[in-house]
Each structure stands twice: as structure tokens, then as C-alpha cells.
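# Chains, contacts and geometry: an overview
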Amino acid sequence: MSITRRDFIKAAAAASALASAATLFPGISFADWKEMEDSSGMIQWKKTPCRFCGTGCGLLVGVSGSRAVAVKGDPNCTVNKGLCCVKGYHSVQALYGKDRLTKAKVRKKGKMVEVPIDEALDLVASKIKDTIAKHGKDSVAMYGSGQWTIPDGYAASKLFKGCLGTNNLEANARLCMASAVTGFLTSFGADEPMGCYEDIEHADVFVTWGNNMAEMHPVLFSRMLASRKRRENVEIIDFATRTTRTSQASDKSFIFRPQTDLAVANAICYEIIRNKWVNWNFVNKHVSFHKGKTNIGYGTEDHFAFKDKAEGASFKEFREFLKDYTPEKASRISGVPAKDIRYMASLYGDPGKKVTSFWCMGMNQHTRGTWINNLVYNIHLLTGKISLPGNGPFSLTGQPSACGTVREVGTLTHKLPYGVVMKQKAREKAAKIWNVPVENIDPKPTYHTVEMFRALDRGDIRFIWIQVTNPMVTMPNLKRYRDGANKEDRFIVVSDVYPTPTTDVADVILPAAMWIEREGLFGNSERRTQHWDQILDPPGEAMCDTWQIVQVAKKLGFKKQFPWTEENYIEEIWNEYSKFHDSPKHRMAPYKLLKERSGIQWPFVDGKETRWRFNVKHDPAAKGKDFDFYGKPDKRAWIWLRPYEPAAESPDNEYNFWLNTGRVIEHWHTGSMTRRVPVLHNAMPASYVEVNPEDAADMGIVNGSKVKITPSRGSITMTASINGRGVPPRGMVFVPFFDDEFLINEVTLDAFCPISKQPDYKKCAVKIERA
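Not measured: the values here are computed from a predicted model.

Our focus in this paragraph is the pattern of salt bridges. For the structure shown, the criterion picks out 53 salt bridges. As a salt-bridge pair, Asp-507 and Arg-107 come within 3.8 Å of each other at their nearest N and O atoms. Of this pair, Asp-507 sits in the loop between β16 (491-496) and β17 (508-511) while Arg-107 sits in strand β4 (residues 104-108), and the two are 400 residues apart along the sequence. For Asp-507, a relative accessible area of 15% puts it in the buried group. By relative accessible area, Arg-107 is classed as partly exposed at 29%. Put simply, Arg-228 and Asp-251 hold a salt bridge, and the shortest N to O gap is 3.1 Å. Within this pair, whereas Arg-228 is found in helix α9 (residues 218-230), its partner Asp-251 is found in the loop between α10 (245-249) and β10 (252-255), the two being separated by 23 residues in sequence.

In C-alpha cells form, the structure reads like this:
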């Protein structure tokens, strides 16, 4: 009898439940743990950020002996104020799955064989050397994650960019946050949100742009609901492509056709101008107008190259451009009634209302992701509702350190911890801090994530080291990239905590320590750096990802650049990394203070955190009387003329449905950890396809029916969900991607935003039939 991965995960989850609860405290309920602590001192509580989101909630982990046995929210953390979501409350059970990786494995004669971890690290180092000798420095690559700690990413960047001399370093945040980065950079010249979570307590209106916050950021959504309950006239507007739990909790929900958020955002600007709601005092002093290229392509072909070109424009040109986006015209494109577009515009335009816009994957995983980010900024800039308490655009993240590790450390091909590889000044600064010749740092970026895996398929890359991520589930157009990884003369190293479809293709598997089994730092969505101490010992020979990189670097001969010992390497890395950001624009808090507090926001200057950037009252880098958008050379924020352009694939007569993908509240990303938590696995044991009830009736589909989903490439058969927690509009289906028994990314298309290079997982054309 064959055993599927699903069977094994179910057994591992059951074993986890026994190990984390019954074995230690048989017959004792979760509610009794605090009483036990007070009466007997059996449980010690230690602080850590949660790793199952980008919100950055603070946790207190209860430890008894050598095991984590309980979790509660950290009341001293301003992010969540003692509240957790279902993943946070059950997070420590993810440590105790029966199939936890505790030994290194190496492929020998086609089979994975356990070896001492030092032997495996020797092999990794020798393969890097041999591959570079045979194929050149750009034949090796590393692929990391927004789950990487800041020290993980810093060590990887120093090794690959500073020592090996290749820019073949990427992270999975390219798949989730790259459009947010390019949106910030093109509009403000500086990355990351200008506001903070405290905006929730000040705002009168919340607009969620394609963001199911109730499930994806439930703690922040709970704060929004609490704010609405406390204060009169607080309003939540859900602007989305399907009806979700966020829609159900909102005051109004407006459903738009995929990709047409571009048209609606422009229509809102049209209405703001038509109704004379422009904040001219702000616009005249702090805004300039610009336009770029149009009809920019979709990146579906190998070696796709695009570079935008900014040209100056005027308010008059902007107003003329918007004539194509009256509410009536935008309604015909989007399906949103013109009166609802006018209503949204009136909320932004009302000078008496503070408005906060939130978004995440809906806007970022978009073939015009940079553009839609720009357009939402346009709305806030026209009305002057930015960089003020309760007034601001806020791009949320989905991973605990997508900001701190990927965006700030710079673990993308074009980035350095300060600046970009293309700039001589940035290379010189990095070379000095890293103690390498400046010539080591290549001034030319190589491959963004999609192109990196295309290069692996083509053979341009022969060696890749993957840490803390599961690309053999998450890559769009997945079959091509899995087949590429399995080709001869490819060497794949994977560091992880559990077996996954990515470890299935590995030649070396390195067992990794989970987050509380090592010391680390994350950086969350609101520029908050969070430190935690090691709480538990890792099992077996499992090793911290940072230390794996440090050990390989030393074996490669870079002891001078990696002089740290196991006793102090996290502190030493932080102190070295902080040198890159030693200015009022991005100064980081000192290590000692980070150890004491439940997170500190940067810029951290003269002992003070910065809550609202670009605002002279709050930002130590801002100069002048009120606002200073110091990221741009003209010291102004840029409003962009960005048109509506259709998706790379749209439904036609044969493939007549949209496919949309995403997450559910119980599981995080590919489910490799949360599916081993019994409560979460039992609540959501398998993926499904949401079908609109009218479409289902037309095709004779009922709940539980098998439904075949077919694009122009591949197909997949899944179980139908009708009128469940989410309901797509007619002509759309939705599939969560957490279940590796149903690899929905074999169906998705690897089209991406040409500016950010972030793929669009929300839109491709499929046909649906009862199986």
C-alpha cells in the first residue's frame, strides 16, 4: 500500500498534538497553564515575534523543561497588544511534527542517505567551488525567503555578492512584495510604509484594496473592528474580486473584475479633481507629475527585459489623461457601478475624514503591480492624506521579515544592504564594511526569481541553495521549474525543517533550526525590528540557517570576512549590518535595546522611534515646515500617469473562467508547518476550488463534486466548495495553494510586472468542467 504525503502529514500532526500537550501535561487544559505558572513556577515565558505572518505579533512562549508547551500574546508588544490569531496561538506545535528533519542527507546513487552535517556542509562548499571553476561565478545561486532572519539574509548577501562576486541572490519576497518596493521607490524614492499600525486607531475610513484582511491579517483586522466599535462613523470598505470574510464584516463591499482596479483608481482621481477636492496647498508644495512607458509587456518569455523611463508631466496633462476614466467609463471596464466609484472618491475627498488604505497580494501579485501601487498613492497625494496619523497608504507584508531581511538587507539581485549594485558609491560602502575588494561586487544584476528558475532550467545556473522556502510549490507555471531542477548536472541544496516537494528534488538536505531554536531578528511591515533570544535547543543536528551559511563561507576560505563564533555571531552580524544604515533616514536601534523591548521602529534617532515618515513633526530626517519627501531628487512625491492595461491572460470562448489563488486563515503559505499542527490541519485538511453558485448550478456541480480546472497548460482536479467562506463572482474560481497534494501553481501563469518582476498569481484563464 502506498502512503501519500497527506497521510504522513496527518500522522505527523497527530504525533505533534501528543508531543506538545498530552505528554507534558496530561489532563491539563490550555486555560490552566497560567495558573500553573503562578502557583508552581513550572512554566517560564519568553518573548518572540510570531513567524506565521508579516504583521509581527509579539508572542510569549511558555517553556517547561526543554519543550515549548504554551503560547499567549505579548501584552507589551504594540503590534497585537496581547492578541494572537489561530496560527499564533498554535505556533509552537509546528516544532513537533513526527517527520521533523534532524539529520543531514546527501543523494548517493539516487537515494538520500543520512550523513553528519559537517560532511554535508563540506559537500556544499566543494560543489560551489567546482561549479564556479567549471561554469563561472554566475552558475551558482542562492534563493532565500522573507522568513529568513535579518542575520540569515545578511550572511547570504555578504557571501554571494561580496565574496563569490555573483548577484545570483533572490528571495521569495520577490513573489509577494516586489511591486510594493517598486511602488514606493517610483512614487517616493524610498522603500517601506510611511505610516504605522497606530493609524488604525486614528482613521475614520479603511479601504482594503484586494486584501482579505480578516483571514490574511486577522489581528490587524480585529484592531480595525475594535476601532469601529469604539468610535462612531468609522467605516470599512472592501474593494475586492470575490466575496470573503472581510466583505462580510465590512460596511460596504464593491466587487471589481480582475485587473480593473487600475481603471477604478484613476476614476477616483478624476472625481477628486472634478469635485474640487484636491488639497492644493499640499500638491503645490510637495507633488510633481510624471509619466512612463505604456504597453510594457508581461514577461512570459525567457530573457524578457524592460526598463521604464520617467518623463515630467503637468497637472494639466494628468487631468486630460483622466478623461478616459470617468466613473461611467471605469464602470464599463470594472463592473463596479459608477455611484460606488463616486462614493469611494467622496471618502478620500472629504477633508474631514482620515483615510487609511491597506493592501497586500491583490495589488502586488499583478502584472501592473507597480502601477496600481502608484495609483493608490496618487489618491492619497491629491488629497494630502499621507504621512499623518490615520491618513496614509499602507502595503502589508505576508512574511515576518520580508521587510527586514529582503527589502532592508537587500537580498534581491539588484540590491545591497545600502543602495543598489549599479551604484559605485553603494558598492564602495559594501566593500569597505565587508572587507572585500570593490571589484568583487558586480555592478550588473543577474536574475530575478522567475528568471533565476528559468536559468536553472536552461542550465545557465547549475547550483542553487534554497533556504526557508518551498519553490517547488510556490513557483508559477510550476512544472517547467520542477522539471528544470530535476535535470542532469543540476545540484540542489535545501535547508528546511520538514520534507517538502522542494526537498524531494534536493541533492543535499540540511536540517534547519526553527525560529525559537536559535537567536534572531525580524523586520515587520511597519518598520519594526524585533529581536528574540534562543528559547529551545534544535533537535538532532538541526542548525541555524545563518550558521550554515557562515560555516560554508569559512570552508570556502572566507574566514576573514566571517570571523564570528557561535557564541556571539548574531550580535556581531547586527552591529556590522547596522553600519549600512547609520543615518537619520534609516538608523537602526542598538542590539542591547532590541533585546530589551518587543520591537523598535526605524529610523531610531536620539532614542526615539519614527511612526510617520516624511512628516517634519515625526521624522528626524525630514526638513522644512510640514513634509519632506527626501527620497526623490526634487524632494517631492511623484504622481504617475498610469493607464489601465488588461491582464496577460483573460477568459475567452474556450478558457472562459478567471482563476484566482491565495491563502486561508488556518494555513500559512504552502502549509509545510501549519499542516503539521493538528488543530489547523483538522480545521482545513485539504484544498478546494470555490465555484460561484450560479455557475455551479449551470454545470451540475454541488458541494463535494470533483471539478477539473484546465488552462492552456496542464490541468488539475479538485473538490468544489459552493457558498463557503468565500464566494467568487460568476466567471471566476478561487483555489488556496497550501496543499501540496493539489499543486495549483502547475496551472498558474508565470507572467509578471515588468517593473517589479513580481508574478501575477491572481489572474489566468481556465476552463471548468465537472470531472
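Side chains of β17 alternate between two faces, with Val-508 and Leu-510 and Ile-509 and Pro-511 buried alike. Bridge analysis of β4 against β17 gives 2 bridges, and the strand direction is antiparallel. Within β17, the position partnered with Val-106 by the bridge is Val-508. Sheet topology note: the β16/β17 ladder contains 4 bridges and is parallel.

To continue, consider the sheet that holds strand β25 (residues 716-721). Whether parallel or antiparallel, the strands of a sheet pair through hydrogen bonds between backbone atoms. Pairing in this closed barrel of 6 strands is mixed, and the strands run β22-β26-β23-β25-β24-β27 around the ring. In this sheet, neighbouring strand axes are inclined to one another by 45 degrees on average, regardless of whether the strands run parallel or antiparallel. Bridge count between strand β22 (residues 657-662) and strand β27 (residues 764-770): 3 bridges; the pairing is antiparallel. Paired with Trp-658 across the bridge in β27 is Ala-765.

Within the fold, His-290 resides in strand β11 (residues 287-291). A distance of 3.5 Å separates the side chain of His-290 from the side chain of Trp-638, its partner in a polar contact.

Taken in spatial order, the 3 strands make up an open sheet running β18-β19-β20, and their pairing is antiparallel. Each of the sheet's edge strands pairs with one partner strand only, and the pair in question is β18 (520-523) and β20 (600-601). Relative to strand β19 (residues 528-532), β18 runs antiparallel, the two being bridged by 4 bridges. By the bridge assignment, Gly-523 is partnered in β19 with Thr-529.

Where helix α20 (residues 449-458) meets helix α22 (residues 478-485), the closest approach of the two axes is 8 Å, and the angle between their N-to-C directions is 45 degrees. In terms of their interaxial angle, α20 and α22 are classed as oblique. For the crossing formed where α20 meets α22, the hand is left-handed. Contacts between α20 and α22 pair Val-450, Phe-453, Arg-454, Leu-456, Asp-457 and Arg-458 from the former with Arg-480, Tyr-481, Gly-484 and Ala-485 from the latter.

Our next topic: the nonpolar core. By size, the foremost hydrophobic cluster in this structure holds 91 residues, and its most contacted members are Phe-188, Trp-209, Ile-268, Phe-318 and Ile-464. Element by element, the count of residues in this core is highest for helix α11 (residues 261-274), at 9 residues. Residues contacting Phe-188, with those up to four places away along its chain left out, are Met-194, Tyr-377, Leu-381, Ile-386, Phe-614, Phe-629, Gly-631, Lys-632 and Ala-637. By size, the runner-up hydrophobic cluster in this structure holds 64 residues, among which are Val-409, Leu-556, Leu-593 and Leu-594.

By volume, the second largest pocket amounts to about 270 Å³. In this structure, the second largest pocket is lined by 17 residues; those nearest its centre are Arg-518, Gln-534, Cys-544, Glu-566 and Tyr-569. Looking at the lining of the second largest pocket residue by residue, the class counts come to 9 nonpolar, 2 polar and 6 charged.

All right, on to a positive patch on the surface then. Positive charge collects at one region of the surface, where Lys-293, Lys-307, Lys-309 and Lys-423 lie side by side. Inspection of the secondary structure puts Lys-309 in the loop between β11 and β12 (311-313).

Remark: the centre distance and the inter-plane angle together describe each pair of aromatic rings, the angle taken between the planes. What the rule picks out here adds up to 34 aromatic pairs. Ring geometry for Phe-282 and Phe-627: centres 5.4 Å apart, planes at 80 degrees, overall edge-to-face. You can see Phe-282 sitting in helix α12 (residues 280-286) and its partner Phe-627 sitting in the loop between β20 and β21 (637-641), a full 345 residues away along the chain. Grouping residues by exposure puts Phe-282 and Phe-627 together as buried. Chaining the aromatic ring pairs together yields one cluster made of Phe-184, Phe-188, Phe-282, Trp-359, Tyr-377, Phe-614, Phe-627, Phe-629 and Tyr-630. The residue whose ring lies beneath Lys-429 is Tyr-418, and the NZ or CZ to ring-centre distance is 4.2 Å.

Thresholds, definitions, all that
- Residues numbered from 1 in each chain as written.
- Predicted model: local features only at pLDDT ≥ 70, side-chain atom pairs only at ≥ 80, totals over all residues.
- Heavy atoms only, no water.
- Salt bridge = Lys/Arg side-chain N within 4 Å of Asp/Glu carboxyl O.
- Helix = DSSP H or I, 4+ residues; strand = E, 2+ residues; numbered from the N terminus.
- Buried < 20%, exposed > 50% of the residue type's maximum accessible area, 1.4 Å probe, protein only.
- Pairing = 2+ DSSP bridges.
- Axes fitted to C-alpha atoms, helices over the stretch in contact; angles between N-to-C directions.
- Polar contact = N/O pair within 3.5 Å; in protein donor to acceptor, adjacent residues only side chain to side chain.
- Parallel < 35°, antiparallel > 145°, perpendicular 65-115°, else oblique.
- Left-handed = near helix turned anticlockwise from the far one by under 90°.
- Contact = heavy atoms within 4.5 Å.
- Core = buried A, V, L, I, M, F, W, Y, C linked by side-chain atoms within 4.5 Å.
- 1 Å grid on protein atoms, 1.4 Å probe; cavity = no way out; pocket = protein on both sides within 12 Å on 5 of 7 lines; lining within 4 Å.
- Points joined across faces, edges and corners; volume = space filled by probe spheres on them.
- Nonpolar A, V, L, I, M, F, W, Y, C, P; charged D, E, K, R; others polar.
- Patch = residues over 30% accessible without salt bridge, like charges linked within 9 Å, V, L, I, M, F, W, Y side chains within 5 Å.
- Areas by Shrake-Rupley, 256 points an atom, 1.4 Å probe, with all protein chains shown as cover.
- Lys, Arg positive; Asp, Glu negative; His and termini not counted.
- Charge placed at Lys NZ, Arg CZ, Asp CG, Glu CD.
- Phe/Tyr/Trp six-rings, centres within 6.5 Å; stacked < 30°, edge-to-face > 60°.
- Lys NZ or Arg CZ within 6 Å of the ring centre and 35° of its normal.

Nothing here speaks to function; it is geometry throughout.
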